[in-house]
Each structure stands twice: as structure tokens, then as C-alpha cells.
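Secondary and tertiary structure notes
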Amino acid sequence: MEPARPTGQQYEIERDGTRAIVTEVGATLRTFEVDGQPCVDGFGPDDLVEAGRGQVLVPFPNRVADGRYTWEGQPRQLPINEVARGHAVHGFVRSANWVPRRQATDQVTLGLTLHPQDGYPFVLDLALTYTVRAGRLTVEHSARNVGRSAAPFGAGFHPYLTAGSRTIDGDLLQLPAARHVATDDRLIPTGTASVEDTGLDFRRPRRIGDLRLDTGFTGLLRDGDGWARVRLQAAGGGRAVELLLGPAYEFLQVFTGDELPEPRRRTGLAVEPYTCAADAFNNGLGLTTLAPGAEATGAWGISVG
């Protein structure tokens, strides 16, 4: 018997030259490529996941300050897993083993029952469907509260986009967001502010240069189909990759990867679709309250621009 891979079974889907690989552990997006060209800065089949690469962030994306929140009058304490800043970060499902519920050549659905955790005494039935079509990946999430009490919920994902450049410094970024999320020195939101007349205004394409970002955005400007599109393009009119956010995704986090060690520092741009803001368990920005039996759904995607 072959040794188990660090991320478990590998679920490959393909259609019309478009290919993705999703892993058993975390339902993580390991690979997405079009005509052999990577669109995400992923990782190898025998590698450990680092820096959240391709991971699913449920039932809360980003940080909960000090791991503390109050729900229906009861104080809760989540495990602290961002030790340096003293926060809970990115939910509970990144190292869980997800189970295939449906699989075809171009689509896979993975499911997980999230049972009560320390500080989160709720039960959710989770499903993720990854679908490829020519030049596009679509990711659909659903979360149903199968417990007996209302639960706080948010969803996020952590892909690193690449337009094929060695680093993102020369790439052009277009980010249709009118507001950014201001934070304190521990990266906890203090409010939102306009991007007007700031270095965070990417509503028109701009070179990233040496700008350092670990920044939330909202106030997304949407196209006629209701989707917002973030575009990363290689310099000189080169290849472009877009991240697409459906109506359920009102927030995103952009991370330039400056804290990552070489050789992965600034090799991809993390563009993270969120249904809620960082620390939403406390500030309520975009937070969903899932009543018993209720379901939250949403979709996002990546395409070649």
C-alpha cells in the first residue's frame, strides 16, 4: 500500500483544457490551471499546506479578536491558533477530512459535518461543489444548521492568484472596491473607509509594485450579472486571471505574502472571497445567523480574463 499523502485523497476534475485538483484534507484547492498554465499559486501533491494556500475558512474567515465573542448572551472562547497576535483565525475545517458526495469528470462535491468545537457548540452540514468549464472554475458552498440552536456563520476561501509572473510586483491589479477595512495594529477591524485618495484605490488597474497588503475590502462594484471581478494581469498586457465574487460575497481580503519565507514570498496574490468581515463574530459585519434548519449558500470562481 502506498503511503498516504499529507492532504489525503486528490480529486481531479477536467474539461476543455481546464483542470483543478481538490484535496480530501480541508477540501483545499491545490491546483487550478487552464491549458497547462497555473492560475493559482498552489502546492504539490506531497507538500503540506502553508500560509492558508487554497484553504476553506469556515465557520469564520480571518480573525476573531482574542478568540472571544458573545452569542445569545453567552460568552464563548475559541482556541487561539494565531499565537503571535493572540487570535482565533480561519475556522475549523482546514485539517478536516471531507467526504466525496458526488463526483463526475468535471465536478466534485465534498461534504463534512462540523460537530461542536471549543467555543462553537453548533452543528453544521457543509458541502462544497467545485466545477470546471472552459477557462473557469466555480466554487459553490452550502451550510445547513442541523443543530438545535441558532449559529453564527461566515465563509471564506484562500486562493493565491498568479498571472505567471515570477513575483506579483510588476502585475497590474484591478479591484472593484469602494471601501477598505481599517484595522488596529493586531489586524482587528476598527471600521471601514473610502479608498478615495488612498494607496488602496485599485478601481482602475494599477501596478502593485512594492505595496504591502493584508487588507480587507468591501463596497464591491458589481457587473450587470451581480458578480464582482478582481483582475490580476501580468505586465505588458500579459496573461490575466480574474477572481469572481457572487452576491453572497460582500467582502474580500488581499494579501501580498510579505510575511512568507522565500522562495514563496510575493509569488502569488491571495485574493480571499469572504461572506463577512474579519472579527464578524464581534462586529457583525456580514455575519449570517443560521436558525435551526436554515441554509446559507453562495458561489465564487476563478477565470482566465
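The coordinates are above.
A brief look at the structure comes next. Small disclaimer: the values here were computed from a predicted structure and weren't measured.

Cut-off values and rules
- Residues numbered from 1 in each chain as written.
- Predicted model: local features only at pLDDT ≥ 70, side-chain atom pairs only at ≥ 80, totals over all residues.
- Heavy atoms only, no water.
- Pairing = 2+ DSSP bridges.
- Helix = DSSP H or I, 4+ residues; strand = E, 2+ residues; numbered from the N terminus.
- Core = buried A, V, L, I, M, F, W, Y, C linked by side-chain atoms within 4.5 Å.
- Buried < 20%, exposed > 50% of the residue type's maximum accessible area, 1.4 Å probe, protein only.
- 1 Å grid on protein atoms, 1.4 Å probe; cavity = no way out; pocket = protein on both sides within 12 Å on 5 of 7 lines; lining within 4 Å.
- Points joined across faces, edges and corners; volume = space filled by probe spheres on them.
- Nonpolar A, V, L, I, M, F, W, Y, C, P; charged D, E, K, R; others polar.
- Salt bridge = Lys/Arg side-chain N within 4 Å of Asp/Glu carboxyl O.
- Contact = heavy atoms within 4.5 Å.

1. What to know about the sheet that holds strand β22 (residues 228–233)
The strands making up a sheet associate through backbone hydrogen bonding, with each pair oriented either parallel or antiparallel. On the basis of which strands lie adjacent, the open sheet formed by nine strands has the order β10-β11-β12-β13-β27-β23-β22-β17-β20 and antiparallel pairing. Each edge of the open sheet is held by one strand with a lone partner, namely β10 (99–104) and β20 (206–207). Here strand β17 (residues 172–174) pairs with β20 via two bridges, running antiparallel. Bridging across to β20, Leu172 finds its partner in Arg207.

2. Description of the nonpolar core
Within the largest apolar cluster, 68 residues are counted, with the highest numbers of intra-cluster contacts made by Phe32, Tyr120, Leu126, Tyr130 and Ile302. Sort the elements by how many residues they give to this core and strand β12 (residues 124–133) lands first, with five residues.

3. Re the layout of surface pockets
Gaps left between atoms are located by rolling a probe of water-molecule size over the structure's atoms. Volume-wise, the largest pocket comes out at about 330 Å³. Lining the largest pocket are 19 residues; nearest its centre among them are Arg63, Glu82, His90, His158 and Phe255. Elements with a minimum of two residues in the lining of the largest pocket: β24 (251–255) and β25 (269–274). Of the residues contributing to the lining of the largest pocket, the split by class is six nonpolar, six polar and seven charged. Space inside the second largest pocket adds up to approximately 200 Å³. Taken together, Glu2, Pro3, Ala4, Arg5, Gly8, Gln9, Gln10, Glu24 and Asp46 form the lining of the second largest pocket. Here the residues of the lining of the second largest pocket are counted per class, giving two nonpolar, three polar and four charged.

4. Considering the pattern of salt bridges
On inspection of all chains with the given rule, the structure shows 26 salt bridges. Here Glu50 and Arg53 are joined by a salt bridge, their closest N and O atoms 3.0 Å apart. Since its relative accessible area comes to 29%, Glu50 is described here as partly exposed. Where Arg266 meets Asp169, a salt bridge forms, and the shortest distance between an N and an O atom there is 2.8 Å. Of this pair, Arg266 sits in the loop between β24 and β25 while Asp169 is found in the loop between β16 (160–161) and β17, placing the two residues 97 residues apart along the sequence. On the basis of relative accessibility, which here comes to 4%, the residue Arg266 falls in the buried class.

5. A closer look at the environment of Ala51
Along the chain, Ala51 falls in the loop between β4 (37–38) and β5 (55–57). Residue Ala51 is classed as partly exposed on the basis of its relative accessible area, which comes to 31%. Between the alpha carbons of Ala51 and Tyr160 there is a distance of 9.8 Å; along the sequence they are 109 residues apart. In contact with Ala51, not counting residues within four places along its chain, are His158, Tyr160 and Leu260.

6. Overview of the environment of Leu269
Tracing the backbone shows Leu269 in strand β25. Relative accessible area serves as the criterion here: at 0%, Leu269 is assigned to the buried category. Distance in space between the C-alpha atoms of Leu269 and Phe43 is 14 Å, their sequence separation being 226 residues.

Read these as layout, nothing more, since geometry by itself doesn't imply function.
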